[in-house]
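Secondary and tertiary structure notes
Each chain, written out:
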Amino acid sequence: MLDPVLLRSFAAVADTLSFTRAGERLGVRQGTVSQHVRKLEEAVGRTLFVRDTHSVALTADGEAMVEFAATILDAGDRALAHFHSVQVRGRLRLGLSEDLVATRLARILDRFRRRYPGVDLVLTVGLSENLEAALDAGDLDLIFAKRSPGRPRGTRVWRDRFVWVSSPGFRLDGGPVPLISYPRPALSRATAVAALEAAGLEWRMACTSGSLSGLRAAASAGLGVVAHAETLMPDGLVPIPGLPELDAFDFTLQTSRRSTSPAADAMARAILDSASTLRSGV
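Sequence order sets the numbering: in each chain, residues are counted from 1 along the sequence as written. Per-residue local features of the predicted model are confined to residues with pLDDT of at least 70, and side-chain atom pairs are confined, for both listing and counting, to 80 or more; whole-chain, interface and lining totals are unaffected and use all residues. As a rule here, side-chain values cover all heavy atoms of the structure and leave hydrogens and water aside.

This paragraph deals with the overall build of the protein. Counting secondary structure elements, the protein contains eleven helices and eleven strands. As defined in this context, the radius of gyration uses C-alpha atoms, and a globule is described by 2.2 Å times the residue total to the power 0.38. Here the C-alpha radius of gyration of the protein, 20 Å, is about what a compact globule of 282 residues would show, namely 19 Å. By principal-axis analysis of the C-alpha atoms, the protein measures approximately 60 × 45 × 30 Å. Going through the 282 residues of the protein one by one, you find that 46% of them count as buried. Contact between two residues is taken to exist if any of their heavy atoms lie within 4.5 Å; hydrogens are not considered. Across the protein, every contact between residues at least 6 apart in sequence was considered, and the portion connecting residues at least 24 apart equals 77%. Accessibility throughout is a Shrake-Rupley quantity obtained with a 1.4 Å probe, and a residue counts as covered only by protein chains that appear here. Surface summary for the protein: the accessible area is close to 14,100 Å², and the carbon and sulfur share equals 52%. The helix and strand labels rest on DSSP assignments: H or I over at least four residues marks a helix, E over at least two residues marks a strand, and numbering proceeds from the N terminus. Remark: exposure states derive from per-residue accessible area (1.4 Å probe, protein chains only) relative to the maximum for the residue type, with buried under 20%, exposed over 50%, and partly exposed in between.

The next thing to look at is the environment of glycine 200. Along the chain, glycine 200 falls in the loop between helix H8 (187–198) and strand S8 (203–208). Distance in space between the C-alpha atoms of glycine 200 and proline 244 is 10.0 Å, their sequence separation being 44 residues.

Quick look at the pattern of salt bridges now. We count a salt bridge whenever a side-chain nitrogen from Lys or Arg sits within 4 Å of a carboxyl oxygen from Asp or Glu. A complete count under the given rule lists eleven salt bridges for this structure. One salt bridge connects arginine 161 with glutamate 230, and the closest N-O pair in it is separated by 3.0 Å. Here arginine 161 is found in strand S6 (residues 155–166), whereas its partner glutamate 230 is found in the loop between strand S9 (225–229) and strand S10 (238–239), with 69 residues between them in sequence. Residue arginine 161 is classed as partly exposed on the basis of its relative accessible area, which comes to 33%. By sharing partners, the salt bridges in this structure join Asp110, Arg113 and Arg114 into a single network.

Here we come to the nonpolar core. Core analysis: the biggest nonpolar cluster contains 45 residues, and Phe144 and Trp164 have the highest contact counts within it. A per-element tally of this core places helix H10 (residues 262–273) first, with eight residues. What tryptophan 164 contacts, discounting residues up to four positions off in sequence, is Leu179, Ala192, Leu196, Val225, Val226, Ala227, Val238, Pro239, Ile240, Leu243, Pro244 and Leu246. What makes a nonpolar core is a set of buried Ala, Val, Leu, Ile, Met, Phe, Trp, Tyr and Cys residues whose side-chain atoms join them at distances within 4.5 Å. Counting residues in each nonpolar core, the second largest holds 19 residues, with Leu7, Val37, Val56 and Val66 among its members.

Before going further, it helps to examine helix H3 (residues 30–44). Counted at 1.5 Å a residue, the expected span for H3 with its 15 residues is 21 Å, and the 22 Å between its end C-alpha atoms agrees. For H3, the complete set of buried residues consists of Val33, His36, Val37, Leu40 and Glu41. End-on view of H3: buried residues confined to an arc of 135°, all on one side of the axis. Turned more than 90 degrees off the buried face of H3, the exposed positions are Glu42 and Ala43. Remark: glycine 45 follows H3 within two positions and exhibits a positive phi of approximately 70°. What a helix should span is 1.5 Å times the count of its residues minus one. The arc in question is the one traced by the directions running from the helix axis out to the C-beta atoms.

See below:
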C-alpha cells in the first residue's frame, strides 16, 4: 500500500516542480520532502523525477503517478470528510478569478459541496485586484486569483504566463494593436499595455468587458487580441504570433488576515490537491 504522506509530498513537488516550494506548501523541510519522494520511488521501483541543481521534471512514470496519487489522496480525503464533515460548518466567502470559474473549477466545487454539506458557499467572481481588496477589507475569507511573481503573500498553486490570443483567422494589419481587455485594474490589462509600450508599439482599446464571456465573444469576432492565461485558454481562441512576450504570473490562494476558518482551510486543501488537474485540464 502506498503511504499517503509520501504521495502528498510527491504531489506537491509535481505541482510546483520544486522541492523547496513543496516543503513550504506542506510546512516541512525540503529534506523531508526529498526523503518522502525517495521512499516512494523505492516503493514503486521507478524514478519519478529527473532533477539537478537547477530544475525538476517529471519522468513518464512520474506523470502516471500524478493521476494515481490524486485518486488515492482524494479517496482518503473523502473518507475523513465523511466522518469529520460535521465539524466543518458555517459560511465560506470565496473569491475567484473569472477565468477559473469559467473553465475547470466546477468539479472541485461540486466535490467540496458533497464532502462538506454543512458549509454554505458564497462565491464572488471578479478581478484579482478587487478580490484582494475585498479580502483585506474582511469581506472575503479566501481568494483564488492571479498575482504578480515576487509578491510573497499567499500560496502559489501554479505559475502561469499570459499569451496573446484571438480568433483563428485574426491577422495584425500593421496599425495600432487592437486590444480586448478587462477594465482597470486587471493584471492582464496592465501586463498587455506594459509589454506593447515597452516594445514601442501603438495600441488602441478595441473592446473592454468585465466578463470573460464578453472578452471571448469580442475575440471570436476578430475585434482584437486578448492577454489570457496560457493554461486556461478558452475554446475557439488560438495564440497570435508577432507580438511581444508577456510576463508570467502566479495563481495563488490567499486567506484573510483577520480570521481563519475550518471551511477556508478545507477549500484551500481541496484546491491544492487538485492543482495538477486545474493546470492541465485532465
